[in-house]
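Observations on the model geometry
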Amino acid sequence: AGTKPFITAFRNCQFGEEQQCLFCDINSNARQMKRQGRYTVTTPYKKVEQVAQVMETIYNAPNSPEMRPHSYTITGGAITSLLAGEKEDDFYLRYVRAIKERIGSRWSCRLETVAKDVEGLKKFRQEGVDIHEPNMEVWDERLFKVLCPGKDRHVGRDAYLRRMAEAVDIFGEGNVTTNLVSGVEMSQPHGFQEVAAAVRSTAQGFDYLMDHGIIPRLTTWCVEPGSALGRSPPPPLEYFVRIAQSWYETWRKYDLPPPAGLGP
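Figured I'd write up the structure that's included with this text. (Residues numbered from 1 in each chain as written. Predicted model: local features only at pLDDT ≥ 70, side-chain atom pairs only at ≥ 80, totals over all residues. Heavy atoms only, no water.)

What follows is about the nonpolar core. One finds Tyr72 and Ile74 to be the most contacted residues of the largest nonpolar core, which totals 73 residues. The biggest single contributor to this core is helix H4 (residues 88–103), with eight residues. If near-sequence neighbours (up to four positions away) are discounted, Tyr72 is found in contact with Pro5, Met55, Tyr59, Ile99, Lys100, Ile103, Trp107, Ser108, Cys109 and Arg110. (Core = buried A, V, L, I, M, F, W, Y, C linked by side-chain atoms within 4.5 Å. Buried < 20%, exposed > 50% of the residue type's maximum accessible area, 1.4 Å probe, protein only. Helix = DSSP H or I, 4+ residues; strand = E, 2+ residues; numbered from the N terminus. Contact = heavy atoms within 4.5 Å.)

Here it is as structure tokens:
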């Protein structure tokens, strides 16, 4: 089963084609699955009780110590209106509640959503979310607007930064992370041309975020053919080496704990 079960509860994004993150293929992927007959409903979201049952099976299965599950992640596309009669917060909290009813609270619950205001953050914490990950995706101010138009329009970069810092006060240091799509700042035609400039930009983000107790998580950008950046060349290996070094040096500089829920 793996040590970190990952639940994509809603395999779509209500930002739609016009505002969807340019590197993301979640909507085109959902359409492809539907054509293949893997979805029999109009909106591709998972049944709450079915997810809870699978999680119960995973956590009750015998495992060797090194393969023992220690956390789980609930994620999915942005919800801008209603889904299954619920707004975004309540939609995803249905899964949190159902899973905790089955397996309890011994294991960390990690919830990935857009950045939330204080009221929403407190609600997440009260309902049993242990780790919050509002995924910012890209640090550079200009590229955030270009590559993440939905997040820019519905939340905004300044609000992302403010809300993530507020989340640290509610969830605690180490329990607030934000995904940065490592390499997408070099995507063409919008991104940096030179490795040094791309690393320098994101390194500034590392410093700001970690200084505020927010631990960025790097996910290597995979060029998805179904995304708007599907024809962009990937960054060179040098970029990934240098950005990993920069992350580690900044993490040591601020003496932060490991990002919670991701294992050793």
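Now, onward.
With that out of the way, let us pick up unusual backbone geometry. Most peptide bonds adopt trans geometry, and most residues besides glycine take a negative phi value. Backbone torsion omega between Gln188 and Pro189 reads 20°, so that peptide bond is classified as cis. The topology assignment puts Pro189 in the loop between strand E5 (177–182) and helix H9 (195–211). In this model, Ala84 sits at a positive phi of 55°, which is unusual for a non-glycine residue. Among the secondary structure elements, Ala84 is positioned in the loop between strand E2 (71–76) and H4. In this structure, Glu137 is a non-glycine residue whose phi angle is positive, near 80°. A relative accessible area of 9% places Glu137 in the buried class.

On to H9, then. End to end, H9 covers 24 Å across 17 residues, agreeing with the expected 24 Å (1.5 Å per residue, within 8%). Residues of H9 that are buried: Val195, Ala197, Ala198, Val199, Ser201, Thr202, Gly205, Phe206, Leu209 and Met210. Packing partners of the buried residues in H9 comprise helix H8 (157–171), E5, strand E6 (215–220) and helix H10 (237–253). Directly beyond the C-terminal end of H9, a positive phi value near 80° is found at Gly213. (Expected span 1.5 Å × (residues − 1).)

What follows is about the sheet that holds strand E3 (residues 108–113). To summarise the sheet geometry, strands pair through backbone hydrogen bonds and adopt either a parallel or an antiparallel arrangement. Taking strand neighbours across the sheet as the criterion, the four strands line up as E1-E2-E3-E4 in an open arrangement whose pairing is parallel. For this open sheet the edge positions go to strand E1 (6–10) and strand E4 (131–134), each flanked by a neighbour on one side alone. The average undirected angle you get between the axes of adjacent strands in this sheet is 20°. Where E1 meets E2, four bridges bridge the pair, whose relative direction is parallel. Looking at E2, one finds that Phe10 is bridged to Gly76. (Pairing = 2+ DSSP bridges. Axes fitted to C-alpha atoms, helices over the stretch in contact; angles between N-to-C directions.)

Turning our eyes to something else, we now look at H10. With 17 residues, H10 extends 25 Å between its outermost C-alpha atoms, agreeing within 8% with the 24 Å of an ideal straight helix rising 1.5 Å per residue. Residues of H10 that are buried: Tyr239, Ile243, Ser246, Trp247, Thr250 and Trp251. When H10 is viewed along its axis, its buried side chains cluster within an angular range of 130° and face the same direction. Exposed and oriented more than 90 degrees from the buried face of H10 are Leu237, Glu249 and Arg252. (Arc of directions from axis to C-beta.)

Okay, the pattern of salt bridges next. Taken as a whole, this structure holds 16 salt bridges when the rule is applied. With a closest N to O distance of 2.7 Å, Lys116 and Asp89 form a salt bridge. Taken together, the residues Lys116 in the loop between E3 and helix H5 (118–126) and Asp89 in helix H4 connect sequence positions 27 residues apart. Classification of Lys116 as buried rests on a relative accessible area of 10%. Its relative accessible area of 18% is what places Asp89 among the buried residues. (Salt bridge = Lys/Arg side-chain N within 4 Å of Asp/Glu carboxyl O.)

This part takes up the packing of helix H3 (residues 48–60) against H4. The N-to-C vectors of H3 and H4 enclose an angle of 40°; their axes lie 9 Å apart at closest approach. With respect to H4, the axis of H3 lies oblique. Crossing geometry of H3 relative to H4 is assigned as right-handed. Together, Val48, Glu49, Val51, Ala52, Gln53, Met55, Glu56 and Tyr59 of H3 and Arg94, Tyr95, Ala98, Ile99, Arg102 and Ile103 of H4 make up the contact between the two elements. (Parallel < 35°, antiparallel > 145°, perpendicular 65-115°, else oblique. Left-handed = near helix turned anticlockwise from the far one by under 90°.)

Another aspect to go through is the environment of Gly174. As for its position among the elements, Gly174 is in the loop between H8 and E5. Look at Gly174 and you get buried, because its relative accessible area is 2%. Considering only alpha carbons, one finds Gly174 and His132, 42 residues apart in sequence, at a separation of 9.9 Å. Setting aside its immediate chain neighbours within four residues, Gly174 contacts Gly213, Ile215, Pro257, Pro258, Pro259 and Ala260.

With that out of the way, let us pick up the side chain of Glu133. Inspection of the secondary structure assignment puts Glu133 in strand E4. Judged by its relative accessible area of 0%, Glu133 is buried. Among the polar contacts made by the side chain of Glu133, one reaches the side chain of Thr177 at a distance of 2.6 Å. Beyond its immediate stretch of four places on either side in the chain, Glu133 contacts Arg110, Leu111, Glu112, Thr113, Thr177, Thr178, Asn179 and Arg217. (Polar contact = N/O pair within 3.5 Å; in protein donor to acceptor, adjacent residues only side chain to side chain.)

These figures come from the coordinates and say nothing about function on their own.
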